Amino acid sequence: MRFVDEFRAADKAHALAAKIAALCEPGRQYKLMEVCGGHTHTIYKHGLEDYLPEQITLVHGPGCPVCVIPMGRMDDAIALAAEPDVIMTSFGDMMRVPGSHGSFFDAKARGTDIRMVYSPLDSLKIARKNPGKRVIFMAIGFETTAPSTAMTMLRAAAEGLSNFSIFCNHVTIIPAIKAILDSPDLRLDGFIGPGHVSTVIGCRPYEFIARDYGRPVVVAGFEPLDILQSIYMLMQQLSEGRAEIENQYSRVVPWDGNVVALRAIGETMELRPYFEWRGLGFISHSALKVREKYAQFDAERLFSVPGVRVADPKACQCGEVLKGVLKPWECKVFGTACTPETPIGTCMVSPEGACAAYYNYGRLTRTRVKEATRS
Amino acid sequence: MTTGHPSQPATQDPGGQSAGGPPAGGRSAGWVAAALRDHDEQTGREEARQERQGSPQPRPGTVREELVLDRIDRARRARPRVKEERITMSHGAGGKATQTLIEAIFLDAFRNPLLEPLEDAARIHVNGARVALTTDSYVVSPLFFPGGDIGDLAVNGTVNDLAVSGAVPLYLSAGFILEEGFPVADLSRIVASMQAAAQRAGVQIVTGDTKVVERGKADGCYINTAGIGVIEREGTLGVAQARPGDAILVSGPIGDHGVTIMLARGELDLEADVISDTAPLNGLICSLLSKTTGVRALRDATRGGVATILNEIATAADVGVLVTEDEIPVRLEVRGASELLGIDPMYVACEGRVVVVVDGDQADQALAAMRAHPQGEQAAIIGRVTAEPPGIVQLKTAFGGTRIVDLLVGDPLPRIC
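Rules behind the numbers
- Residues numbered from 1 in each chain as written.
- Chains lettered and ligands numbered in written order.
- Predicted model: local features only at pLDDT ≥ 70, side-chain atom pairs only at ≥ 80, totals over all residues.
- Helix = DSSP H or I, 4+ residues; strand = E, 2+ residues; numbered from the N terminus.
- Rg over C-alpha atoms; globule rule 2.2 N^0.38 Å.
- Buried ≥ 20, exposed ≤ 12 C-beta atoms within 10 Å, placed from the backbone.
- Contact = placed C-beta atoms within 7 Å.
- Pairing = 2+ DSSP bridges.
- Axes fitted to C-alpha atoms, helices over the stretch in contact; angles between N-to-C directions.
- Core = buried A, V, L, I, M, F, W, Y, C linked by C-beta atoms within 7 Å.
- pLDDT = per-residue confidence, 0-100.
- Parallel < 35°, antiparallel > 145°, perpendicular 65-115°, else oblique.
- Left-handed = near helix turned anticlockwise from the far one by under 90°.

Draft legend 1. Inspection of the overall build of chain A at higher detail. Assigned secondary structure in chain A consists of 16 helices and 13 strands. In terms of overall dimensions, chain A is globule-like: its C-alpha atoms have a radius of gyration of 21 Å, near the 21 Å expected for 375 residues. Along the longest, intermediate and shortest principal axes, the C-alpha atoms of chain A span 65 × 45 × 45 Å. Scored against the burial criterion, the 375 residues of chain A give a buried share of 59%. Counting only contacts in chain A whose residues sit at least 6 apart along the sequence, the fraction spanning at least 24 positions is 77%.

Listed below in structure tokens is the structure:
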């Protein structure tokens, strides 16, 4: 398939893998974090770690927007969905995320009208078709999906739709990375920067990571060769003692981002003073809410939101996994109490979460895999 | 974590202490507490057992990761329990939730040796004859789609469940649940395609039932079919028969039906030139079995796709399964649509594809036999059965890596990014 297979060629991967191995200093261990859940997915889907030398460990970061929604917030969404005449609409991968009393799927089974959509514009369609109903869109995601939510609000405003609102849970990537960098037990050597987020925010916002923390960042695409090349670029920087922001995904990511998209976000949304992240706790200025000017589309203003906090379970060690201190399997409830069917922590919730990806695709050690696949 | 200087207190703060700051404490989720209790009980038992047996000496080279993997294996083998209070859509998707429901609710209540293998059809003895019996219900939406309709599906699905059990399908029943207001013209169209499918498969629909429910109580038309066939062949087919060295084949490109249905629902604003693969497999299977003696198991890859069948083989026979992505036939259109939607064709339903486990020495013979039949022209050897690691399906990716192919919990859900 054109524009896909080129980025998955095994011969090119072998060549890159050899160059990466050559850059490893003997006796040195490297921990590189891929910030974005989409990267985690690619790494496991294609078995990319098989190409890496034992010295390089990939740490799966906090960039899975589904996973970071705290349980209390999910309870709020389910409470909104249960209000009279409400149709709740949501992306598919939100459907199984558990609150303290189950997920959207469970609420749907109790009779609540919750529908899966593929774009917020689909929610607008539902609102137009059902003038007697109040349609809410469960808005989640980083700067990647925030522009589409913003454009949907602008469209709704232009059409004068009065039965549509959003429940805004958009989060911003930089404060989360900063929280990880500020952690005292940080053990990361470099970052594979998020690709889709950067199409919107560009590469400049990462400059502080190199400047203030001395860690290199390579913004990467989502095909396996993109990621392998980014690892090579990071290893080059590390071997030369550089810490810079580089853009591997230049076919899509402009250095200064997408000005139109940023303007749309700025027009409709503003930073919250703080927001809770599952596994990471409260992080200041890390999420967006709807601006006063667009209050008529803000479900948090239109409905009464319970807002009851649900504490992260104490047994859950997602915070440590996210910071690269623990590997998924080192968490004591991994795979027994916490599984993809009954995820307790953020990292197990969506297939993009570090633990879920590890559970689904990577449970076997590399040596066991090599033994089993030897023909 | 940084907390900054928030200016807005949360709306409600049950355990709050920091004035003006983010709320602390809060309640905890009951289901989490229950899951952790189970976990403690289980690990407690584990520790007690180790104590009885004396503390285990780790084998040389055994790392803690191995112990964790063993613990997970045990948790996976634990008696299934339905944790949800109500049935959710996941229970019907053919993945882990469906298996749990079947084992914890149905098998638990009906347990008997004929049901226990949970194969596609039960094999029973009637006055010396070996008979296969199966049933299946069809609730597809939309009712008509490119390449077929609910009528073909209802006949082909039951014919295939009999055929993969090694039976020659003979007679079918047909039960209809119709919604008030359903167009009679549509019903005529459906039964005409049922009759055509029955003729094509060489079976007769010999008994039936009709119920009508009020508008809104059903989605147009649901069909249940049951079927019987005779097993003339010696020996028993079943996924538990798979053994290391066996080859695994699939009869044609996978995922056509599932992708066709997703696109036919018109929710995706996507178009592709793909039609359902719904077809009777009894002809193909009959010809395969007559030319190859080493067939160990046959499964039609419906809900849950080929990935689910491979997991059933690995679990039932306690073997490993290793398949090669490059060898698995997937149409370009299906691959493209799956890429866009973020789903994996390995989990997408087929309605006319059979997965075959055959003695490794007869793999080429089986492939030739399948390719000689029109239904199996694009058949391929996709992998093999291995001794290690038991219970696990692995995929050698086109990129050159390896990954586990586990069962899904429910339906494949599109990813947002």
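Draft legend 2. Expanded view of the sheet that holds strand E12 (residues 380-386) of chain B. All names here are of chain B. The seven strands are arranged E9-E11-E8-E12-E10-E13-E14 in an open sheet whose pairing can be described as mixed. Because the sheet does not close on itself, it has two edges, and the strands there are strand E9 (295-300) and strand E14 (402-404). Strand after strand, the sheet turns through a mean of 25° between neighbouring axes, direction not considered. With four bridges joining them, strand E8 (residues 247-250) and strand E11 (residues 354-358) adopt antiparallel strand pairing. Paired with Ala-247 across the two strands is Val-358, which belongs to E11. Across the sheet, helix H10 (residues 363-371) touches E8, E9, E11 and E12, and the angle it forms with E8 is around 10°.

Draft legend 3. Fine view of the nonpolar core. Ile136(A) and Ile166(A) are the most contacted members of the largest nonpolar core, which has 129 residues in total. The greatest single-element share of this core, amounting to eight residues, is contributed by helix H10 (residues 224-240) of chain A. Residues in contact with Ile166(A), not counting those within four places in the same chain, are Ile136(A), Phe137(A), Ala139(A), Thr149(A), Met153(A), Val290(A), Phe297(A), Asp298(A) and Ala299(A). Core analysis: the second largest hydrophobic core is formed by 95 residues, Val155(B), Val239(B), Met262(B) and Val393(B) among them.

Draft legend 4. Representation of the confidence of the model for chain B. Residues and elements named next belong to chain B. Averaged over all residues, the pLDDT of chain B is 86; the fraction at 70 or higher stands at 87%. Low pLDDT, under 50, characterises residues 1-20; the stretch is placed with 49 contacts to residues that sit more than four places away or in other chains. Segment residues 55-61 is flagged for pLDDT under 50; beyond a separation of four residues in sequence, or across chains, it makes two contacts in the model. Predicted complex, confidence summary: ipTM 0.86, pTM 0.87.

Draft legend 5. Local environment of the packing of helix H5 (residues 120-129) of chain A against helix H6 (residues 146-159) of chain A. Residue and element names in this part refer to chain A. Contact geometry of H5 with H6 gives a least axis separation of 9 Å together with a crossing angle of 25°. Viewed along their axes, H5 and H6 adopt a mutual orientation that is roughly parallel. Remark: the crossing between H5 and H6 carries right-handed chirality. Between H5, through Pro-120, Leu-121 and Leu-124, and H6, the contact on the second element is made entirely by Ser-148, Thr-149, Thr-152, Arg-155 and Ala-156.

Draft legend 6. Spotlight on helix H3 (residues 71-81) of chain A. Residue and element names in this part refer to chain A. With respect to burial, H3 is a largely interior element, 11 of its 11 residues being buried. The set of residues buried in H3 consists of Met-71, Gly-72, Arg-73, Met-74, Asp-75, Asp-76, Ala-77, Ile-78, Ala-79, Leu-80 and Ala-81. The elements touched by buried residues of H3 are strand E3 (86-90), helix H4 (104-109), strand E4 (114-116), strand E5 (134-141), strand E6 (164-170) and helix H12 (299-302).

Draft legend 7. The arrangement of helix H2 (residues 37-45) of chain A in detail. Residues and elements named next belong to chain A. Judged by how many residues are buried, H2 sits mostly within the fold: eight of nine residues are covered. Looking only at H2, the buried set comprises Gly-37, Gly-38, His-39, Thr-40, His-41, Thr-42, Ile-43 and Tyr-44. Remark: Gly-47 follows H2 within two positions and exhibits a positive phi of approximately 65°.

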